[in-house]
Number of protein chains: 4
Amino acid sequence: MRVGIIGATGYGGAELLRLLHQHPHVEEVVLYTSSKEGMNIQDSYPHVSTIYHQTLQSIDHTSLKQEVDTVFLATPPGVSAEWSRKIAEAGCQVIDLSGDLRLEDPAVYEKWYKREAAPLDLIKEAVYGLPEWNRKEIETANIISNPGCYPTATLLGLAPLVKNKLIETDSIIVDAKSGTSGAGRSPSAITHFSEMNENFKIYQINQHKHIPEIEQNLQKWDKEIPNITFQPHLVPMVRGIMATIYAKANQELTEKALRDIYEQSYENERFVRIRPEGAYPATKEVYGSNYCDIGVTFDERTGRITVVSVIDNVVKGASGQAIQNYNIMNGFEESTGLTLVPMYP
Amino acid sequence: MRVGIIGATGYGGAELLRLLHQHPHVEEVVLYTSSKEGMNIQDSYPHVSTIYHQTLQSIDHTSLKQEVDTVFLATPPGVSAEWSRKIAEAGCQVIDLSGDLRLEDPAVYEKWYKREAAPLDLIKEAVYGLPEWNRKEIETANIISNPGCYPTATLLGLAPLVKNKLIETDSIIVDAKSGTSGAGRSPSAITHFSEMNENFKIYQINQHKHIPEIEQNLQKWDKEIPNITFQPHLVPMVRGIMATIYAKANQELTEKALRDIYEQSYENERFVRIRPEGAYPATKEVYGSNYCDIGVTFDERTGRITVVSVIDNVVKGASGQAIQNYNIMNGFEESTGLTLVPMYP
Amino acid sequence: MRVGIIGATGYGGAELLRLLHQHPHVEEVVLYTSSKEGMNIQDSYPHVSTIYHQTLQSIDHTSLKQEVDTVFLATPPGVSAEWSRKIAEAGCQVIDLSGDLRLEDPAVYEKWYKREAAPLDLIKEAVYGLPEWNRKEIETANIISNPGCYPTATLLGLAPLVKNKLIETDSIIVDAKSGTSGAGRSPSAITHFSEMNENFKIYQINQHKHIPEIEQNLQKWDKEIPNITFQPHLVPMVRGIMATIYAKANQELTEKALRDIYEQSYENERFVRIRPEGAYPATKEVYGSNYCDIGVTFDERTGRITVVSVIDNVVKGASGQAIQNYNIMNGFEESTGLTLVPMYP
Amino acid sequence: MRVGIIGATGYGGAELLRLLHQHPHVEEVVLYTSSKEGMNIQDSYPHVSTIYHQTLQSIDHTSLKQEVDTVFLATPPGVSAEWSRKIAEAGCQVIDLSGDLRLEDPAVYEKWYKREAAPLDLIKEAVYGLPEWNRKEIETANIISNPGCYPTATLLGLAPLVKNKLIETDSIIVDAKSGTSGAGRSPSAITHFSEMNENFKIYQINQHKHIPEIEQNLQKWDKEIPNITFQPHLVPMVRGIMATIYAKANQELTEKALRDIYEQSYENERFVRIRPEGAYPATKEVYGSNYCDIGVTFDERTGRITVVSVIDNVVKGASGQAIQNYNIMNGFEESTGLTLVPMYP
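Residues numbered from 1 in each chain as written. Chains lettered and ligands numbered in written order. Predicted model: local features only at pLDDT ≥ 70, side-chain atom pairs only at ≥ 80, totals over all residues. Heavy atoms only, no water.

For chain A, the name recorded in an unreviewed UniProt entry is N-acetyl-gamma-glutamyl-phosphate reductase, with Halalkalibacter wakoensis JCM 9140 as its organism. Taken directly from UniProt, the Pathway (unreviewed entry) text for chain A runs: "Amino-acid biosynthesis; L-arginine biosynthesis; N(2)-acetyl-L-ornithine from L-glutamate: step 3/4." (UniProt positions renumbered as here; feature names shortened; annotations may be inferred.)

Here it is, written out as structure tokens:
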């Protein structure tokens, strides 16, 4: 199999390069660009020296199918609408890591993203690539809309509660924390080292683009779920997301019953790991891997459930999940190329 | 004035040394110890070389009053019950930075601290030293129970909501994040650099000792407030606490009305700063200072209020607030020795 | 006294604001700008909220003397040549934190800075503000060229060796490490958090602008000193410089004799602290303070001396030293406003 | 093939677990312990949950050969002398990651390690496992003494200079910087997060155990090389070593000639990468991988060469190099299981 990457000089692209190198069925990787034609990938990323020698090339849709079978779009918002269509029409699979095809209602997209939405038919063709809860659709998809990093951690953490109707529907609060790599590779004041180190920040309060993505999926599982509260924070670290999720139980619960539900929900899932009683995951415990680790507890004093869900935002929150989707679309064993043990310490 | 410190080799003690050096009314600092007699403070803390030359000395209650006027107890839990009594009986003021005298109900202390409580009469004599809401009592106190770091950030953030009865009483959730200095100077697995850097952790879920301290004070302000949900996290940084506080409004609110209430609540407070609309504080903006900075917003989509409250845990969350109390007890201008501008970056 | 700052929105400016707030003789601070007229300093730096309320204003040289007595130039390279002259001609003292007036030979400046040098008469009028070795000249100076951060740590570390002719003159190697604040506030790829955290970098190999500044001063002390080797590195931290300095002894030496020379060299210096035998400073031990801490050792196995010199690059390496010079120029006690204890941890 | 690990709960052990999981010829991993019998590895390392299920077991030398073919000793200094012998006598290969078998002269070991050396015949049987310069001996070895982290970065950086006699033999200075993982997993004051973050430290000045290891190997290459100067520093990061190496050229050199020598020296080496002119490696560019990246330059102003050599101390500086040796000993392709792309960012 041959794959193409658009946006290889960003962090999502760098991680695709790292992971695809371990993939036994990928024999060739082609790097496409719209603006950096002729640049050798080693000049952007010295860490791939002697491993990747490719030069970035412009994309020609007419010959694309002769070059690659699948294209990963690791691009900023706003470009994949056009490109996804052309790539799909050229006969290649599309896995879009941007948020452009995730929201089913164009009006919602335009409200939160503050830009024009992709055409409705394209949005409808795209399948939301959260394998643990959407695997059947992914198997036959041709265009994948790869989930956002926060939605991945949040939805995997909330699914057992929502699908089993264990909580008061209007009680969901997600306090999310992320490393800085989620902000991308472009330097900015907020991620300037001198401003970010020894600092903890909240940002985009009540306004993060991932809010409607989370709500849309929760409401598919239970249409009673109203708007949720979600606040993202920046941690002085590079990789990792923790979503601390709060909800009120709508029934008597025991700690053990709650954990049993989580374990059953994910018992066949290779990439979701439930911690034993009294244990909760830290972000470093999934560093560099495709795992989502979850701890859960019920507090009798307050009747509230707390769920702790961690991922590596660059892997399960982006490029790793993209490859997981790629495997499913192509009939490969789902963990192919993704068997990396978390790097610790 | 002459002051004594018990526990100068811990972080609370080091910060007292830093701040007291700027205090114009403190002419002498005596360092007491129960176990490190004869050690020069410079051997424990090279950063005070040429500034402090004291040798740690054992405490003799019979001569204490001849040596110092006030004693700061920066000791681990479990020792101040005995010492506070003796120091007070010797005729000196006591400012206790440990949690031993904070909980009014010994049974609650014993449940959460898992050790024997201090005698009830001693607890009753101690005044809770949160100046912004307890100044009158502090003025005439002889024993101060200095608030915990998380309670300081949380109570200052919640007070305007609770005192003005703006929220559903059972809706309070506090998601708190702290730098590692709050865990003290003793090395441990959880704060080992290789385990803590590039890592974000949740800890003591539903079990942190500061939960009953927060509840006790909220319930003084509004006895309808039930148990709250509070989850602490460790950030890979040394100093700083952010409490992200969630509560459901019990009435129609506007963003502006909400901010006005906060501004009025703290208009005469030198150490509480309310951010303007659309702005929220980061922990570094109070680094090394005695400020508590607060941002607040109301989300019409959900009816929820989010309060962001930050402090430097070692200053306003411990030693700075102790000196603020010291100033009030002694009739000094409240900010004496505490006029340090936050260090940035 | 009234002082002006040009460049208050940079890190050098922020640190001047922090330190001047502690200065008992400074009653007014005026903020000048060439490009951000009308901006309130709090919009750039929320951490000074309620402390500084100034609006940045344009500079008018004709009325300058009516407004301020001294002007600190915390500007990027290339602007102070013009401004220093005008400010001096307006009758105000000038303390220039940029490197524009440090190199006495314009040809050397042009080679290393790759821009036109300041006029020679202006350069000649400027006094190099390293108080420990240049105090007499500073006392009567009207224009101060404030030393660079690396030169401060390096020259204070090397002076006793060079002045006492203890080393082979061609054997000096300085391996220097700095936090990122030295790179300033403008975001860049090299100081982007995701690229800098968990990373250690070398930069500007053999080409750093501070090399000729160090050499010029060493050669004043001993004209036999030839070119030196100096390599700077970036540490994933914000503040702090360590210069590890290597040189070959030109005579038999004992550890004790070596330390005695250092202690004598600095015995009357408030801001230089020599560590006792077997102890060496870490950068955090001077964090936020104006100290330069030095450790020194002689290795009999190799005949080499190693000197470890640390400063806070924003304080002793920039704004703190600027205020130290300000004090000397104005006849104030040299440590006025600079008595801050290092912040630890 | 089946392999055993002694010391799996340390960082070297954790990294062996991570890397061996990618090794196609390793079908079974057995975890041995002398003190933690019965502990499940997941209790020590939650990050390997669902990947490794082993319980630590005590070692029985009589049955060892039935259980494993090779044993990795990732133990603290002082234990491998006894264990290596028994394991070898049981007929298994030994790869010792401790320093116990590295120094050929027991008197030197005892001076630097301050403990009794291993028996001389055992030391003589052990082969120093630096594949790039010792491959032939490794191929037929039964006991490998795996190099230290600093020696690996230093020796790979210095070899082309020393072997080609390009430098004045007494001019070598190595200024080395390491992340904290090299200090191991036991909490200590020096690696306590609050003491190490935002801090840069020098340690074990003139006394690091790796000094004689480096000298011994340099002197094998050129017996004229005298004692060297080597100073190690701790960087506030977890992984990564940079050795900045200084030496005086003993002849006229050009930048290009120098680089050519490095490129030729390592042209057939998969794990050593030489940067192009004007480029120097940062530690993150080898993060999590087995590469040693090297940059080199000659300064005409001073006649000095600077070599910048970086490794991931846990991989090429420990467990990765151990597996590289394992591959060579067993006739596998040398990079088997070690093809991981560095993780960036």
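## Details of the overall build of chain A
Of regular secondary structure, chain A possesses 12 helices and 13 strands. The globule rule puts the C-alpha radius of gyration for 345 residues at 20 Å, and the 20 Å found for chain A is close to it. Across its three principal directions, the C-alpha atoms of chain A cover 60 × 45 × 40 Å. For chain A, the residues scored as buried account for 68% of the 345 residues in total. A sequence separation of at least 24 residues applies to 70% of the contacts in chain A between residues at least 6 apart. For chain A, the accessible surface area stands at approximately 11000 Å², while carbon and sulfur atoms represent 46% of it. (Helix = DSSP H or I, 4+ residues; strand = E, 2+ residues; numbered from the N terminus. Rg over C-alpha atoms; globule rule 2.2 N^0.38 Å. Buried < 20%, exposed > 50% of the residue type's maximum accessible area, 1.4 Å probe, protein only. Contact = heavy atoms within 4.5 Å. Areas by Shrake-Rupley, 256 points an atom, 1.4 Å probe, with all protein chains shown as cover.)

## What about the relation of the copies chain B and chain A?
It takes a turn of 180° to lay chain B on chain A, together with a shift of 0.0 Å along the axis; the resulting RMSD is 0.0 Å. The two molecules are tied by a two-fold rotation axis, judged by turn and shift. Interface overlap between copies: 100% of the residues of chain B at the interface are likewise at the interface in chain A, consistent with a symmetric, same-surface contact. (Least-squares fit on C-alpha atoms with pLDDT ≥ 70 in both.)

## Regarding the relation of the copies chain D and chain A
Expressed as a screw operation, the relation of chain D to chain A combines 0.0 Å of axial shift with a rotation of 180°, fitting to an RMSD of 0.0 Å. Taken as a fraction of all interface residues of chain D, those also at the interface in chain A reach 100%, which identifies the copy contact as same-surface.

## Some remarks on the side chain of Asp 312 of chain D
All names here are of chain D. Tracing the backbone shows Asp 312 in the loop between β13 (304-311) and α12 (315-329). A relative accessible area of 1% means that Asp 312 is categorised as buried. The residues contacting Asp 312, other than those within four sequence positions of it, are Arg 239, Gly 240, Val 286, Tyr 287, Gly 288, Ser 289, Tyr 291 and Gly 317.

## Regarding a negative patch on the surface
The grouping of Glu 168 and Asp 170 of chain A together with Glu 168 and Asp 170 of chain B at the surface amounts to a negative patch. Relative to the elements of secondary structure, Asp 170 of chain B occurs in the loop between α8 (149-163) and β7 (173-178). (Patch = residues over 30% accessible without salt bridge, like charges linked within 9 Å, V, L, I, M, F, W, Y side chains within 5 Å. Salt bridge = Lys/Arg side-chain N within 4 Å of Asp/Glu carboxyl O. Lys, Arg positive; Asp, Glu negative; His and termini not counted. Charge placed at Lys NZ, Arg CZ, Asp CG, Glu CD.)

## Some details on the sheet that holds β7 of chain B
Residue and element names in this part refer to chain B. Read across the sheet, seven strands follow the order β8-β9-β7-β10-β13-β12-β11 without closing on themselves; strand pairing throughout is mixed. For this open sheet the edge positions go to β8 (201-202) and β11 (272-274), each flanked by a neighbour on one side alone. Judged from the six bridges that link them, β7 and strand β9 (residues 229-234) form a sheet pairing that is parallel. Looking at β9, one finds that Lys 177 is bridged to His 233. (Pairing = 2+ DSSP bridges.)

## Some thoughts on the interface of chain D and chain A
Counting residues at the interface gives 33 residues for chain D, matched by 33 residues for chain A. Together chain D and chain A conceal approximately 3000 Å² of surface at their shared face, both sides included; 62% is due to carbon and sulfur atoms. Its largest share of buried area at the contact with chain A, chain D owes to His 47, Val 341 and Met 343 of chain D, together 23% of the area lost on that side. Applying the counting criterion to the chain D and chain A interface returns zero salt bridges. For the interface between chain D and chain A, the tally reads 10 residue pairs in polar contact (both at pLDDT 80 or more). The dominant element in the side of chain D that touches chain A, judged by the number of residues it contributes, is helix α1 (residues 11-20) of chain D, at five residues. Counted by class, the side of chain D that touches chain A contains 16 nonpolar, nine polar and eight charged residues. (Buried area = accessible area lost by both parts, 1.4 Å probe. Polar contact = N/O pair within 3.5 Å; in protein donor to acceptor, adjacent residues only side chain to side chain. Nonpolar A, V, L, I, M, F, W, Y, C, P; charged D, E, K, R; others polar.)

## Notes on the packing of helix α1 (residues 11-20) of chain C against helix α12 (residues 315-329) of chain C
Residues and elements named next belong to chain C. Interhelical geometry of α1 versus α12 gives an angle of 50° and a closest axis separation of 9 Å. With respect to α12, the element α1 is oriented oblique. Of the two possible hands of crossing, α1 and α12 adopt the one that is right-handed. Across the interface between the two elements, Gly 12, Glu 15, Leu 16, Arg 18, Leu 19 and Leu 20 from α1 touch Val 315, Ser 319, Gly 320 and Ile 323 from α12. Residues of the contact of α1 with α12, tallied by class, amount to five nonpolar, three polar and two charged. (Axes fitted to C-alpha atoms, helices over the stretch in contact; angles between N-to-C directions. Parallel < 35°, antiparallel > 145°, perpendicular 65-115°, else oblique. Left-handed = near helix turned anticlockwise from the far one by under 90°.)

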